[in-house]
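This is what each chain is made of:
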Amino acid sequence: MTANPPAHCCTVGFLHEGQANGEIQEIASISSYVSYPPDRSTNNAILFLTDAMGHRFINAQLIADQFAANGYFVVMPELFHGDPIPINYGAEFDIWGWYNNHLPPRVDPIVDTILGEMRTTLGCKRIGGVGYCFGGRYVCRYLKAGKLDAGFIAHPTMVQADEVEGIEGPLSIAAAITDAVFTTANRHESEEIIRRLGMPFQINLFSDVEHGFAVRCDLSQRRQRFAKENAFGQAVAWFDEYVKE
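Quick caveat: nothing in here was measured; it's all calculated off a predicted structure.

Scoring rules and cut-offs
- Residues numbered from 1 in each chain as written.
- Predicted model: local features only at pLDDT ≥ 70, side-chain atom pairs only at ≥ 80, totals over all residues.
- Heavy atoms only, no water.
- Salt bridge = Lys/Arg side-chain N within 4 Å of Asp/Glu carboxyl O.
- Helix = DSSP H or I, 4+ residues; strand = E, 2+ residues; numbered from the N terminus.
- Buried < 20%, exposed > 50% of the residue type's maximum accessible area, 1.4 Å probe, protein only.
- Phe/Tyr/Trp six-rings, centres within 6.5 Å; stacked < 30°, edge-to-face > 60°.
- Lys NZ or Arg CZ within 6 Å of the ring centre and 35° of its normal.
- UniProt positions renumbered as here; feature names shortened; annotations may be inferred.

*Asks:* Whenever I open this one, the pattern of salt bridges confuses me. Can you help?
*Replies:* Pairing between side chains of opposite charge can happen when the charged atoms of each approach one another. Under the counting rule described, the total for this entry stands at 12 salt bridges. The closest approach of N and O atoms between Arg-216 and Asp-51, which form a salt bridge, is 2.8 Å. Remark: Asp-51 occurs in the loop between strand S3 (44-49) and helix H1 (58-69) and Arg-216 occurs in helix H7 (residues 213-216); sequence separation between them is 165 residues. No difference in accessibility class separates Arg-216 from Asp-51, as the two residues are buried. Taken together, the salt bridges that share partners define one network made up of Asp-108, Arg-137, Arg-141 and Glu-163.

*Asks:* Sorry if this is basic, but what is going on with the packing of aromatic side chains here?
*Replies:* For any pair of aromatic rings, the description rests on two quantities: the centre-to-centre distance and the angle between the ring planes. Counted according to the given criterion, the structure contains 17 aromatic pairs. Measuring from centroid to centroid gives 5.4 Å for Phe-48 and Tyr-132, while their planes differ by 40°, and the two rings are tilted. With Phe-48 in strand S3 and Tyr-132 in strand S5 (residues 126-132), the pair connects residues that are 84 residues apart, well separated along the chain. Each member of the pair Phe-48 and Tyr-132 is classed as buried. Ring centres 5.1 Å apart and planes at 55° place the aromatic pair Phe-80 and Trp-98 in the tilted group. In this pair, Phe-80 sits in the loop between strand S4 (73-77) and helix H2 (95-100) while Trp-98 sits in helix H2, placing the two residues 18 residues apart along the sequence. Take Phe-80 and Trp-98: they sit in the same class, and that class is buried. Taken together through their ring pairs, the aromatic side chains of Phe-48, Phe-67, Tyr-72, Tyr-132, Phe-152, Phe-232 and Phe-239 make up a single cluster. Just above the ring of Tyr-36 sits the side chain of Arg-40; from NZ or CZ to the centre is 3.8 Å.

*Asks:* Any chance you could explain the UniProt feature "domain: Dienelactone hydrolase" (unreviewed entry) in the chain here in plain terms?
*Replies:* As recorded in UniProt, the feature "domain: Dienelactone hydrolase" (unreviewed entry) lies at residues 33-242. Secondary structure content for residues 33-242 is 41% helix and 21% strand, while the C-alpha to C-alpha distance between its ends is 24 Å.

Spelled out as structure tokens, the structure:
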């Protein structure tokens, strides 16, 4: 396993202020947050796979809008069948029990359906996958020919070694120095696997932050804000190189 099971750190953080510019749409009967680039083109796209807070979480919507402002059509589907975790729900919350209700047999069909719609009805020619925490596992699972063209993940959760071994495209990873889920050992194992595969890869390690920083950090703290902003910049630079035509 190259990322450990979820823990309390997967449920805590800070709400960010801002007004979302995208909208909630039904795509093949799946509720999705959609954000368009300034030119409204869908050629270069991002499938945004969220953390446990889901597609209605303002922090995730603001990030989706940032990707759109950088020229990408973004689709962020609801992955949890109406069962996301509210941020800071409480230390007593049984996250492992929740996670067991949202394993690949329930999540894969959603990703398959949305990718199918993006490749056909929505007219996407190139698609990058973004995965934060929970979503990181599914970027690895779908980083394959005909699915995702490139991937970016930040502080992933529950990624299996064989899922990393199965990637078929460029992968960029943003990691926190303090992380009980994506530990130093997990990070090194992931690095070794990808190195053996010969795929283009990048792993950035950020000091002064913990698991979840790329979505839920305290923006009033200068170094946390710096890490979040630079992890986002890392993702954009990666997709500009490996996705954008």
